[in-house]
Amino acid sequence: MADVMEERIHSIERTAGFTFVIAAVLLGTTILVQPIFPDVNNTGQVLQAITSAKGEAWMQVHAIMAVGFAFAAIAFCALAFLLHLKGSSGSASIVSACALLGGGIWVTFLTAELYTYHFFANLYGVDAGGATMLFATVWFWKLGALYAGALLFFAAVFTAGVAAAKRDLVPIWLGWGGALISLVGALVYIMDFWSTTATGAASQPMQWPAMRYGVGLPLQLWMLGVGVVMLREYFTRPMPMRVTHPRPVEHVRRAPEGTAPTPPPAGTAGMGTPESPRPMPPRMPHPALAPDPEPQQPAKPRIPHPALAPDPEPGPPQQRPGQATGTDPARKPPPQIFPG
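These figures come from a predicted structure and were not determined experimentally.

**A closer look at the overall build of the protein chain**
In terms of helices and strands, the protein chain carries eight helices and zero strands. In the protein chain, the succession of α and β elements from N to C terminus is α-α-α-α-α-α-α-α. Evaluated residue by residue, the protein chain yields a buried proportion of 33% over its 340 residues. Long-range contacts, defined here as pairs at least 24 residues apart, represent 76% of the contacts in the protein chain between residues at least 6 apart. For the protein chain, the accessible surface area stands at approximately 23200 Å², while carbon and sulfur atoms represent 66% of it.

See below:
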């Protein structure tokens, strides 16, 4: 059972390590190349920036981001499995649920608008006002959904960092560092959303340079660090060898010295023939050719043990020797010693 557990941990470390590294590289690259919009509520300027790029760059960046968030969700779920095996089942449930929900939101909204930018670019040349109004609907819907996705990912990073540091899966500074960065990002998102409820204006803190390079990029570096730690454990952990049950050794009687051992006849059980070197199973005779069964002797009656014998049935009382029964002939009187 211990060997099976070691194999599970070995496989989880490999999956978590590679997916964390791939997700960190993809998302970190998109953070650096993603354009910054000073005012996300000015949808006219946003649409104009998109149409000036003809939509190709937006499609490529969002496709890469969708793939990166898919790898991130897999990585956090693998880390959650590892936390579950180490005993932190509650934290593992939070990490896996938040990562799946957050990654699903990001992937859904990033892929749903892949082909809309070409449409908006063409519509903007025909009807700028109509294209702006239609784009505003999709844009504000996406901003609200990405708010929830970001908060869910912050919760996954915070819980995973604290639990992994507690179970000695990552260094303490790395686990609590990720928890601190995610806590700062979550507080900024919550306070910004609370301030926008009074005006109704949309907001996306990741468009701020301070949040992008102060929270978003450090989180990708944290994911890269966790992936490197997992891969180091994977490549340095010795894998236990499986012990297979040895086959029983058949004791073969040695031939006397000076004589060659006589091989068993070909075609017998366990041996092969020149035409077929594979071992042959023992042949079963046909029922019609089987010898007649020997006649069975009648079984001897069993004599029960005296202690187990049944009690005798009641019968007439037995007569003791010399005891009169009343049916005996009359006896002669004894002779008189002194007559008269």
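Next comes the rest of the description.
**Digging into the nonpolar core**
Within the largest apolar cluster, 51 residues are counted, with the highest numbers of intra-cluster contacts made by Phe20, Phe76, Trp106 and Met223. Broken down by element, the residue count for this core peaks at 12 residues, all from helix 3 (residues 56-86). In this structure, Phe37, Leu47, Phe120 and Trp139 belong to the second largest nonpolar core, which totals 11 residues.

**Thoughts on a nonpolar patch on the surface**
Among the surface-exposed residues, Val25, Leu221, Leu224 and Val228 lie close enough to one another that they form a single nonpolar patch of about 340 Å² accessible area. At three residues, the largest contribution of residues to the nonpolar patch is made by helix 8 (residues 209-236). Along the chain, Val25 turns up in helix 1 (residues 2-33). Under the relative-accessibility criterion, Val25 is labelled partly exposed at 46%.

**What about the environment of Val46?**
Mapped onto the elements of the fold, Val46 is located in helix 2 (residues 43-52). Once the C-alpha coordinates of Val46 and Ile36 are considered, the two residues, 10 residues apart in sequence, prove to be 9.6 Å apart. Each residue touching Val46, except ones within four places of it in the same chain, is listed here: Phe37, Asp39, Val40, Phe135 and Trp139.

**Focus on unusual backbone geometry**
Of note in this structure, Asp168 is not a glycine but carries a positive phi near 60°. Topologically, Asp168 is positioned in the loop between helix 6 (128-166) and helix 7 (172-199).

**Some points on the side chain of Glu13**
Note on placement: Glu13 falls in helix 1. Of the residues examined, Glu13 reaches a relative accessible area of 3% and is grouped as buried. The contact partners of Glu13, leaving out residues within four places of it in the chain, are Leu82, Met230, Glu233, Tyr234 and Arg237.

**Focus on the environment of Pro35**
Relative to the elements of secondary structure, Pro35 occurs in the loop between helix 1 and helix 2. Its relative accessible area of 34% is what places Pro35 among the partly exposed residues. A C-alpha to C-alpha distance of 8.4 Å links Pro35 and Gln207, two positions 172 residues apart in sequence. Contacts of Pro35, omitting those with residues within four sequence positions, involve Trp58, Gln207 and Arg212.

**Here's the deal with the environment of Ala145**
Take Ala145: it is sitting in helix 6. Residue classification places Ala145 among the buried positions, given a relative accessible area of 12%. Spatially, the C-alpha atom of Ala145 lies 7.8 Å from that of Phe109, the residues being 36 residues apart in sequence. Setting aside its immediate chain neighbours within four residues, Ala145 contacts Ile105 and Phe109.

**Considerations on the packing of helix 7 against helix 8**
Between helix 7 and helix 8, the least distance of the axes is 10 Å, while the angle of their chain directions is 150°. In terms of axis orientation, helix 7 runs roughly antiparallel to helix 8. Note that helix 7 runs across helix 8; the crossing there is left-handed. Counted together, Leu174, Gly175, Gly178, Ile181, Ser182, Val184, Gly185, Val188 and Tyr189 of helix 7 and Met211, Val215, Pro218, Leu219, Trp222, Gly225, Val226 and Val229 of helix 8 form the full contact between these two elements. Among the residues making up the contact of helix 7 with helix 8, the classes are represented as 12 nonpolar, five polar and no charged.

Reading the values: the criteria
- Residues numbered from 1 in each chain as written.
- Predicted model: local features only at pLDDT ≥ 70, side-chain atom pairs only at ≥ 80, totals over all residues.
- Heavy atoms only, no water.
- Helix = DSSP H or I, 4+ residues; strand = E, 2+ residues; numbered from the N terminus.
- Buried < 20%, exposed > 50% of the residue type's maximum accessible area, 1.4 Å probe, protein only.
- Contact = heavy atoms within 4.5 Å.
- Areas by Shrake-Rupley, 256 points an atom, 1.4 Å probe, with all protein chains shown as cover.
- Core = buried A, V, L, I, M, F, W, Y, C linked by side-chain atoms within 4.5 Å.
- Patch = residues over 30% accessible without salt bridge, like charges linked within 9 Å, V, L, I, M, F, W, Y side chains within 5 Å.
- Salt bridge = Lys/Arg side-chain N within 4 Å of Asp/Glu carboxyl O.
- Axes fitted to C-alpha atoms, helices over the stretch in contact; angles between N-to-C directions.
- Parallel < 35°, antiparallel > 145°, perpendicular 65-115°, else oblique.
- Left-handed = near helix turned anticlockwise from the far one by under 90°.
- Nonpolar A, V, L, I, M, F, W, Y, C, P; charged D, E, K, R; others polar.

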